[in-house]
Amino acid sequence: GAIASIFGQQFTAPGAPLRRVSGADLVNGQVPQVFAGVCILVGTVRAPVFLVAETQVNFQIPRVDAGRADIRVVTGCGSQNESTSPAEPVNIVAR
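Residues numbered from 1 in each chain as written. Predicted model: local features only at pLDDT ≥ 70, side-chain atom pairs only at ≥ 80, totals over all residues. Heavy atoms only, no water.

Colleague: Residues and numbers for the overall build of the chain, please.
Modeller: If you tally the helices and strands in the chain, you get 0 helices and 9 strands. Secondary structure of the chain in N-to-C order comes out as β-β-β-β-β-β-β-β-β. Expected size for 95 residues packed as a compact globule is a radius of gyration near 12 Å; at 13 Å, the chain falls within 12% of this value. Judged by the C-alpha coordinates and their principal axes, the chain covers about 35 × 30 × 25 Å. Within the chain, the proportion of its 95 residues that are buried is 31%. Long-range contacts, defined as pairs at least 24 residues apart, comprise 52% of the intrachain contacts of the chain with a sequence gap of at least 6. Counting only carbon and sulfur atoms, one obtains 47% of the accessible surface of the chain, whose full area is about 6,100 Å². In the chain, which carries 7 positive and 6 negative side-chain charges, the distance between the mean positions of the two groups comes to 6 Å. (Helix = DSSP H or I, 4+ residues; strand = E, 2+ residues; numbered from the N terminus. Rg over C-alpha atoms; globule rule 2.2 N^0.38 Å. Buried < 20%, exposed > 50% of the residue type's maximum accessible area, 1.4 Å probe, protein only. Contact = heavy atoms within 4.5 Å. Areas by Shrake-Rupley, 256 points an atom, 1.4 Å probe, with all protein chains shown as cover. Lys, Arg positive; Asp, Glu negative; His and termini not counted. Charge placed at Lys NZ, Arg CZ, Asp CG, Glu CD.)

Colleague: Run through the layout of surface pockets, naming residues and quoting values.
Modeller: Of the pockets and cavities examined, the largest pocket occupies roughly 270 Å³. Lining the largest pocket are 14 residues, and of these G1, I61, P62, I92 and V93 sit closest to its centre. When its residues are assigned to classes, the lining of the largest pocket shows 9 nonpolar, 2 polar and 3 charged. (1 Å grid on protein atoms, 1.4 Å probe; cavity = no way out; pocket = protein on both sides within 12 Å on 5 of 7 lines; lining within 4 Å. Points joined across faces, edges and corners; volume = space filled by probe spheres on them. Nonpolar A, V, L, I, M, F, W, Y, C, P; charged D, E, K, R; others polar.)

Colleague: Describe the sheet that holds strand β6 (residues 56–60), with residues and values.
Modeller: The 4 strands lie next to each other as β1-β6-β5-β2, forming an open sheet whose pairing is antiparallel. Looking at strand neighbours, the two that pair on one side only are β1 (3–7) and β2 (19–20), the edges of this open sheet. (Pairing = 2+ DSSP bridges.)

Colleague: Tell me what's going on with unusual backbone geometry, and back it up with residues and numbers.
Modeller: Despite not being glycine, N28 has its phi angle at roughly 55 degrees, a positive value. On the secondary structure map, N28 appears in the loop between β2 and β3 (38–42). The class of N28 is exposed, set by a relative accessible area of 77%. Even without being a glycine, A36 presents a positive backbone phi close to 55 degrees. Its place among the elements puts A36 in the loop between β2 and β3. For A36, a relative accessible area of 33% gives the class partly exposed.

Colleague: Explain the nonpolar core residue by residue, including any values.
Modeller: In terms of nonpolar packing, the biggest core is built from 17 residues, with I6, I40, V42, V49 and F59 touching the most fellow members. Sorting the residues of this core by element identifies β1, β3, β5 (49–52), β6 and β7 (67–75) as the ones contributing at least two each. For V49, the contacting residues outside a window of four places in its chain are V21, V31, P32, Q33, F35, V38, C39, I40, V57, N58 and F59. (Core = buried A, V, L, I, M, F, W, Y, C linked by side-chain atoms within 4.5 Å.)

Right, here's the structure in full:
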């Protein structure tokens, strides 16, 4: 359940305002796994996303097995224009 940030480019349209999850965005009381058209894959598991900006995405690491996992950013998540970033391998440490 650690919090993580990804920095990059074009997570949103140029000049789009930063979006933070509010109570109205919760899905069944949970932080959404698709927010502002963005989703994060940790391995094959979607992560809860709580902030999306043009150059930054903040998310919660979902429950996954410890070890190496590929993280990908998906923009246009669930749409016909979906675009997935190259994988960035990270080590997940269980506590």
